[in-house]
Amino acid sequence: GIWNALRTPAEESSSVLAYIPPPPDTSFRDFGFSGGLVVVSPDGKQLAFSAIDQNGVTKLWVRPLSSNQATPVAGTEDAAGPFWSPDSRSLAFFAGDKLKTVDLDNGNIQVLADSQCDFRGAWGQSGTILFTSDCYQGPLSEIPSSGGSARPVPKLEESESRHILPAFLPDGRHFVYQAVSKDGSQSIWAASLDSSEKKIVLKDARTPEFASGYLLFVGSGGHVFAQAFDPSSSTLAGKAIPLAESQNFSVSSNGVF
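Residues numbered from 1 in each chain as written. Predicted model: local features only at pLDDT ≥ 70, side-chain atom pairs only at ≥ 80, totals over all residues. Heavy atoms only, no water.

Participant: Help me out: how do you make sense of the overall build of the protein chain in this one?
Facilitator: Along the protein chain, the regular secondary structure elements total zero helices and 21 strands. Its C-alpha radius of gyration of 17 Å places the protein chain within 12% of the 18 Å reference for a compact globule of 257 residues. Principal-axis analysis of the C-alpha atoms places the extent of the protein chain at approximately 45 × 45 × 30 Å. Looking at the protein chain residue by residue over its 257 residues, the buried ones come to 47%. At a minimum sequence separation of 6, the contacts of the protein chain that also span at least 24 residues come to 38%. Total accessible area on the protein chain is roughly 12400 Å²; 48% of this is exposed by carbon and sulfur atoms. Distance between charge centres in the protein chain, computed from 19 positive and 27 negative side chains, equals 3 Å. (Helix = DSSP H or I, 4+ residues; strand = E, 2+ residues; numbered from the N terminus. Rg over C-alpha atoms; globule rule 2.2 N^0.38 Å. Buried < 20%, exposed > 50% of the residue type's maximum accessible area, 1.4 Å probe, protein only. Contact = heavy atoms within 4.5 Å. Areas by Shrake-Rupley, 256 points an atom, 1.4 Å probe, with all protein chains shown as cover. Lys, Arg positive; Asp, Glu negative; His and termini not counted. Charge placed at Lys NZ, Arg CZ, Asp CG, Glu CD.)

Participant: What exactly am I supposed to notice about the pattern of salt bridges here?
Facilitator: Opposite charge on two side chains allows them to pair when their charged atoms are near. All told, the structure shown has eight salt bridges when counted by the stated rule. Among the salt bridges present, the one from Glu209 reaches Arg120, with a minimum N-O distance of 3.5 Å. Of this pair, Glu209 sits in strand β18 (residues 205-211) while Arg120 sits in the loop between β9 (109-114) and β10 (122-123), placing them 89 residues apart in sequence. For Arg120, a relative accessible area of 9% puts it in the buried group. Between Glu160 and Lys198 there is a salt bridge, and its shortest N-O distance comes to 3.8 Å. (Salt bridge = Lys/Arg side-chain N within 4 Å of Asp/Glu carboxyl O.)

Participant: Which parts of the structure should I look at to understand the environment of Gly44?
Facilitator: With respect to the helices and strands, the residue Gly44 is situated in the loop between β2 (38-40) and β3 (46-53). Sequence separation between Gly44 and Pro64 is 20 residues; the distance between their C-alpha atoms is 9.2 Å.

Participant: Looking at this structure, I do not really get the pairing of strand β4 (residues 58-64). What am I missing?
Facilitator: Along any regular strand the residues' side chains alternate between the sheet's two faces. A large share of β4 lies buried, amounting to five of its seven residues. Taken together, the seven bridges between β3 and β4 define a ladder with antiparallel strand orientation. Directly across from Ala51, in β4, lies its bridge partner Lys59. The turn joining β3 and β4, which pair antiparallel and follow one another in sequence, is formed by four residues; a positive phi near 80 degrees is taken by Gly56. Summarising the sheet, β4 and strand β5 (residues 71-72) pair through two bridges and their orientation is antiparallel. Each residue of the ladder has a partner; that of Val62, found in β5, is Thr71. (Pairing = 2+ DSSP bridges.)

Participant: Just to check I follow, could you spell out the nonpolar core for this structure?
Facilitator: When a protein is soluble and globular, its nonpolar side chains tend to lie buried together. With twelve residues, the main nonpolar core is built from Ala167, Leu169, Val176, Ile188, Ala190, Val201, Leu202, Ala205, Phe210, Leu215, Phe217 and Phe229. Elements that contribute at least two residues to this core include exactly β16 (186-192), β17 (195-203), β18 and β19 (214-219). Those residues in contact with Ala190 that lie beyond four places of it in its chain are Phe175, Val176, Tyr177, Lys198, Lys199, Val201 and Ser234. (Core = buried A, V, L, I, M, F, W, Y, C linked by side-chain atoms within 4.5 Å.)

Participant: Would you mind going over unusual backbone geometry with me for this structure?
Facilitator: Residues apart from glycine generally show negative phi values, whereas peptide bonds are mostly found in trans. Cis peptide bonds are those with omega within 30 degrees of zero, and the linkage from Val153 to Pro154 qualifies with -15 degrees. Note that Pro154 resides in the loop between β13 (151-152) and β14 (160-168). In the Ramachandran plot, Asp204 falls in the positive-phi region, its phi being about 55 degrees despite a non-glycine side chain. Along the chain, the position of Asp204 falls in the loop between β17 and β18. With a relative accessible area of 54%, Asp204 lands in the exposed category.

This is the structure in structure tokens:
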């Protein structure tokens, strides 16, 4: 990954560009809504991804950035759309039309909810998971990571077809997400678990993430940008900085991109 300029680096750190291949005799999962996505843990130390082996079996794999060895996660067959817990010790993922979690320390797998979609969700500091239950229509859903009933949040407007790709802000209660309108336009909004109020942040943009005081997003031209963002007021400042030409990305809390 790249320790990018958004991060305030330790004295001994430096920028690194690394090419990371899939594990031997596998390939990154390159089909489906979340095909090929690799996600970095919040602490910036591990990668998680779906890979398919020569027998056609897909599993989640985890690889420390400090190592060239990746390890498959037992019980995660057909997994897609992984995303990390805030403490970087568990993963949520989608398999068999279910949202599941796996504890990487003990291997325990928990089934949380039904989901017909494998778009990446978000796991907040408060223990709430946001996810998309239907890739084609409807709002986001929230559910406790410990289990319980899912409920929609926030309200879908008449002009919108669906909400996808949420990302929590540092307090674990506020979040940003991508809204897709019925005319196909895309925009980034901010909302809260504790209120029905929401606010548009950026038009013609998608795939929001927050790290190191910046909102990262994919612009209409297929480039990843970063722009200074105040999570307390959900407002942008300054100019957007281009980081890379890509349709997908992942960033850790401390700036590994």
